[in-house]
Amino acid sequence: MTDIISTELRPSPPSKAWLRIMALVYDPFLCVGEIAGMRRRRSTLLASARGRVVEIGAGTGLNLAHYPDEVAELVLTEPEPGMRRRLARRLQRQGRVARIVDAAAEQLPLADGSVDTVVSTLALCTVGDPEHALREIARVLRPDGQFLFIEHVRADSRFLAACQDALFKPWRSFGGGCHCNRQTVELMRACGFAVTADDTVWRGMPAIVHPLVVGRATR
């Protein structure tokens, strides 16, 4: 665990002004990737959501249309004000019932063992302390709970991984804090999760975020 965390670069967070811009351009920037397969992946993954569901980093709400009507409760956490405003508008347009919470993944305002399903899609790449966030997810999950995720990760290809490392700083500045080379599955396992995941490609997006993992984790 120490080796994974200590070698990860942690520059200063992106400016609030750029994060406001990101909230406006996020959906158009992801549009081609959504059409090229991400929308289908969201739908397939979230069909398994059950019970009390908490999504971390819900962003502009691209997952909303894919949650089953049968979920007992839906809680959407999002720390960025611009994203929360767009999330609230999408929630109103779609007529879904959900609670939006201003909270970072590292500090979930939820009781221990109170959640059946935690969801993260393209969110763990942006958190400042992924180990802390994963331990929070583990804390709030019930003993039989599940963590459903889609995340882009560090490439297995040495060439592409080298490109991710070289472009880390400019991409993070552009992407609102996104880490293009984060070893997310390794972090999950180091935090005690049993992970079942498939590798795939995020088509329609820049190559440094092509490597995707889609899966389910349990404690």
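Every chain's residues receive numbers from 1 upward, in the order its sequence appears when written. Owing to the predicted nature of the model, reporting of local features is limited to residues with pLDDT of at least 70; listing and counting of side-chain atom pairs is limited to 80 or more, with chain, interface and lining totals taken over all residues. Hydrogens and water are ignored here; the side-chain numbers use all heavy atoms of the structure.

(A) Representation of the packing of aromatic side chains within the structure. Paired rings are identified among Phe, Tyr and Trp, the last through its six-membered ring, by centres lying within 6.5 Å, and are further divided according to the angle between planes into stacked (under 30 degrees), edge-to-face (over 60) and tilted (the rest). The full count for this structure, using the stated rule, is 5 aromatic pairs. Taking 5.7 Å as the distance between ring centres and 45° as the angle between the ring planes, the aromatic pair formed by F147 and F149 counts as tilted. When sorted by exposure, F147 lands in the same class as F149, which is buried. Judged by centre distance (5.9 Å) and plane angle (50°), the rings of F147 and F193 are tilted. Relative accessibility under 20% of the residue-type maximum defines a buried residue, over 50% an exposed one, and the middle range a partly exposed one, all with a 1.4 Å probe and only protein chains included.

(B) Geometry of the UniProt feature "domain: Methyltransferase type" (unreviewed entry) in the protein chain. UniProt positions are given in the numbering used here, feature names are shortened, and annotations may be inferred rather than shown by experiment. According to UniProt, the "domain: Methyltransferase type" (unreviewed entry) feature falls on residues 54–149. Runs of H or I in DSSP of at least four residues are treated as helices and runs of E of at least two as strands, each being numbered from the N terminus. The span residues 54–149 is 26% helical and 27% strand by assignment, and the distance between its end C-alpha atoms comes to 12 Å.

(C) Expanded view of a positive patch on the surface. Where like charges cluster on the molecular surface, the positive patch consists of K16, R20, R85, R89 and R93. Looking at the positive patch, the elements that each hand over two or more residues are α2 (16–46) and α3 (81–94). Per element, the largest residue contribution to the positive patch is 3 residues, and it comes from α3. In this structure R89 comes out as partly exposed when scored by relative accessible area, which is 42%. Only residues whose relative accessible area exceeds 30% and that form no salt bridge are eligible for patches; like-charged ones are grouped when within 9 Å, while nonpolar side chains (Val, Leu, Ile, Met, Phe, Trp, Tyr) are grouped when within 5 Å. Every accessible area reported is derived by Shrake-Rupley at a probe size of 1.4 Å, with residue values counting cover from the shown protein chains alone. Note on definitions: salt bridges are taken to be side-chain nitrogens of Lys or Arg within 4 Å of carboxyl oxygens of Asp or Glu. His is not counted, nor are the chain ends; Lys and Arg add positive charge and Asp and Glu add negative charge. Charged side chains are reduced to one point each, which is NZ for Lys, CZ for Arg, CG for Asp and CD for Glu.

(D) Seen up close, the pattern of salt bridges. By the definition in use, this model includes 11 salt bridges. Between R99 and E73 there is a salt bridge whose closest N-O contact spans 3.8 Å. Taken as a pair, R99 in strand β3 (residues 99–101) and E73 in strand β2 (residues 73–77) lie far apart in primary sequence, 26 residues in all. When its relative accessible area of 40% is taken as the criterion, R99 is described as partly exposed. Across the pair D112 and R139 runs a salt bridge, and its minimum N-O distance is 2.6 Å. In this pair, D112 sits in the loop between β3 and β4 (115–121) while R139 sits in helix α4 (residues 130–140), placing the two residues 27 residues apart along the sequence.

(E) Representation of the sheet that holds strand β6 (residues 194–201) within the structure. The criterion for strand pairing is that DSSP finds at least two bridges linking the strands in question. Pairing within the open sheet is mixed, and its 7 strands lie in the order β3-β2-β1-β4-β5-β7-β6. In this open sheet, the two edge strands, each paired with only one partner strand, are β3 and β6. The sheet shows a mean angle of 15° between the axes of neighbouring strands, taken without regard to direction. Bridge count between β6 and strand β7 (residues 211–218): 8 bridges; the pairing is antiparallel. By the bridge assignment for β7, V201 is matched with P211. Each of β4, β5 (141–152), β6 and β7 is contacted by α2, which is oriented at about 170° to β5, the strand it contacts most. Docked against the sheet, α3 engages β2 and β3, running at close to 180° with respect to β3. The axes used here are C-alpha line fits, helices contributing only the stretch in contact, and every angle between their N-to-C directions lies in the interval 0 to 180 degrees. Every residue pair with non-hydrogen atoms within 4.5 Å of one another is taken to be in contact.

(F) Looking closely at the environment of Y26. Here Y26 is to be found in helix α2. Through-space distance from the C-alpha of Y26 to that of T60 is 7.8 Å; in sequence the pair is 34 residues apart. Apart from the residues within four sequence positions on either side, Y26 is in contact with T60, L62, M83 and L122.

(G) Examining unusual backbone geometry more closely. Residues other than glycine seldom take positive phi values, yet L122 does so here, at roughly 55°. Take L122: it is sitting in the loop between β4 and α4.

(H) Structural context of the pairing of strand β1 (residues 52–55). Here β1 shows a buried face lined by R52 and V54 and a second buried face lined by V53 and E55. By the bridge criterion, 4 bridges tie β1 to β2 in an arrangement that is parallel. Each residue of the ladder has a partner; that of E55, found in β2, is L76. Examined bridge by bridge, β1 and β4 share 3 bridges and lie parallel to one another. Counterpart to V53 in the pairing with β4 is T117.

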